[in-house]
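# Structure assessment
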Amino acid sequence: MFHYPRLAGRAIAAAAMSLALVPAAGHAQGYPNKPIRLVIGYSPAGAADFIARIVGEAMSKELGQPVLVDNKPGAGSTLASTLLAQAPADGYTLGLATATIYGIDQLLYKTKYTADSFTPVTRLTVSPLILAVNKDLGVADIKALAAKAKANPGKYNYSSSGVGGSPHVAALTFEKAMGVKMTHVPYKGGAPALQAVAAGDVELSFGTAASVLPLGTQGVVKMLGVTTAQPSAVAPGVPALAEQGLPGFEFTFWFGLFGPGGMPKEVTDKLYAVATKVLADPNVRARLVANGNEAAPSPSPREFGQWAAADGARARERVVQAGVKLD
């Protein structure tokens, strides 16, 4: 289960307190002295892109060097992860990644990288997923959606940001819980996946709040529910799926900051200190919430790595149980 941190405020406070334990900037003297590349495996205008640009801009000011976002979508974000894994471990190539690098990528895409190919820095954000349907589908809740899907097995299509990602796994779990069978159509990111719902190319999608809310608030797609146990502050007025006959249905989507494996501790600690500082900034946090995400830094790089690995193992197990394979 993807547990949604209910004590995000405490986590931020704890992470901020840990700054006192981070080595002084002198330990990373001279870093950075040139622009930093921040690679993300998703298309522009999706959740990862918003987070990268908001956090990257704030970190640029603290580091005194530009943090340049580099979108490398494709192959379920593994193109970007491969690029990051193969980059020099000097802190000048960083990446946003999720739980998939801890098992799902290797399972589905036969990637050559492993968990040791990356240096965890900190979790950046958490976000609920939102079930969105085409506005002309004529359903008001998940029971109506399930009834239509049961009457048309395999006919209804759902999009996702890529095979094996949290939106895909959430849809698989939803299918099983509701006793329906639908067809998966993967896209190269959350934004195009939701645009497909709006256009009627697919009937529904589980997407991040950043991808769904702009279309949902305008009435372009209909938002049926959030995947947190209770309604979420980032999606006002949208009921929880758990309240609609799916007790215990709970998923969240997170993004973390990583470097290549073997990145020097002093560089990792400096990046952690800067990222934690900007995530505690009220302006940054407000901008993230406006885009459907909550700041959720980890207590330390080590604890982030342990937590992310455990979450990745749980996600991989869901994919194995569902029998997911690449088409």
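Given the structure is predicted, the values throughout are model-derived calculations rather than measurements. (Residues numbered from 1 in each chain as written. Predicted model: local features only at pLDDT ≥ 70, side-chain atom pairs only at ≥ 80, totals over all residues. Heavy atoms only, no water.)

Attention shifts here to the overall build of the protein. Assigned secondary structure in the protein consists of 11 helices and 10 strands. In summary, the protein has a C-alpha radius of gyration of 19 Å against a globular reference of 20 Å for 327 residues, a match within 12%. Projected onto its principal axes, the C-alpha coordinates of the protein cover approximately 65 × 40 × 30 Å. Split into buried and exposed, the 327 residues of the protein put 57% on the buried side. Contacts in the protein between residues far apart in sequence, at least 24 positions, make up 78% of those at least 6 positions apart. With the model as given, the accessible surface of the protein reaches about 13,200 Å², and the carbon-plus-sulfur share is 55%. (Helix = DSSP H or I, 4+ residues; strand = E, 2+ residues; numbered from the N terminus. Rg over C-alpha atoms; globule rule 2.2 N^0.38 Å. Buried < 20%, exposed > 50% of the residue type's maximum accessible area, 1.4 Å probe, protein only. Contact = heavy atoms within 4.5 Å. Areas by Shrake-Rupley, 256 points an atom, 1.4 Å probe, with all protein chains shown as cover.)

The next point concerns the packing of aromatic side chains. Inspection of every chain in the model, using the stated rule, returns 13 aromatic pairs. Taken together, a centroid distance of 5.8 Å and an interplanar angle of 85 degrees make the contact between Tyr42 and Phe255 edge-to-face. In this pair, Tyr42 sits in the loop between strand 1 (36-40) and helix 2 (47-63) while Phe255 sits in strand 9 (residues 252-260), placing the two residues 213 residues apart along the sequence. An identical accessibility class is assigned to Tyr42 and Phe255; each is buried. Ring geometry for Phe258 versus Phe304: centroids 5.3 Å apart, planes at 50 degrees, classification tilted. Placement of the pair is Phe258 in strand 9 and Phe304 in helix 11 (residues 301-322), with a sequence separation of 46 residues. Across the pair, Phe304 and Phe258 agree in class, each one buried. Grouping aromatic residues by their ring pairs yields a cluster made of Tyr102, Tyr113, Phe118, Trp254, Phe258, Phe304 and Trp307. (Phe/Tyr/Trp six-rings, centres within 6.5 Å; stacked < 30°, edge-to-face > 60°.)

The next thing to look at is the nonpolar core. Ranked by size, the top nonpolar core spans 68 residues in total, and within it Met59, Leu96, Leu131, Leu145, Phe174, Leu257 and Leu271 carry the most contacts. Of all the elements, helix 2 adds the most residues to this core, at nine residues. Every residue in contact with Leu257, bar those within four places of it in the chain, is listed here: Leu38, Met59, Leu94, Gly95, Leu96, Thr119, Pro120, Val121, Thr122, Leu124, Ala275 and Phe304. Core analysis: the second largest hydrophobic core is formed by 18 residues, Val197, Val212, Val226 and Val238 among them. (Core = buried A, V, L, I, M, F, W, Y, C linked by side-chain atoms within 4.5 Å.)

Counted by the stated rule, this structure contains eight salt bridges. Taking the shortest distance from any N to any O, the salt bridge between Lys61 and Glu57 comes out at 4.0 Å. You can see Lys61 and its partner Glu57 sitting in helix 2, four residues apart, about one turn around the helix. Taking relative accessible area as the criterion, Lys61 reaches 65% and is therefore assigned exposed. For Arg314, the salt bridge goes to Asp311, with nearest N and O atoms at 3.2 Å. Within this pair, Arg314 and its partner Asp311 are both found in helix 11, separated by three residues, close to a single helical turn. The class for Asp311 is buried, based on a relative accessible area of 1%. Residues joined by salt bridges that share partners form a network here, namely Glu57, Lys61 and Arg287. (Salt bridge = Lys/Arg side-chain N within 4 Å of Asp/Glu carboxyl O.)

Attention shifts here to the confidence of the model for the protein. Model confidence for the protein is summarised by a mean pLDDT of 89, while 91% of its residues fall at 70 or above. Under a pLDDT of 50 for its full length, residues 1-8 has, in the predicted model, 28 contacts with residues more than four places off or in other chains. Across residues 18-27, confidence stays below pLDDT 50; counting only partners more than four residues off in sequence or on other chains, it has 10 contacts. (pLDDT = per-residue confidence, 0-100.)

Attention now goes to unusual backbone geometry. For the bond from Tyr31 to Pro32, the omega torsion is -5 degrees, close enough to zero to count as cis. Within the fold, Pro32 resides in the loop between helix 1 (8-17) and strand 1. A positive phi angle, near 55 degrees, is found at Ala75, a position not held by glycine. Under the relative-accessibility criterion, Ala75 is labelled partly exposed at 34%. Positive phi values are uncommon outside glycine, yet Ser77 reaches one of about 75 degrees. Along the chain, the position of Ser77 falls in the loop between strand 2 (67-71) and helix 3 (78-86).

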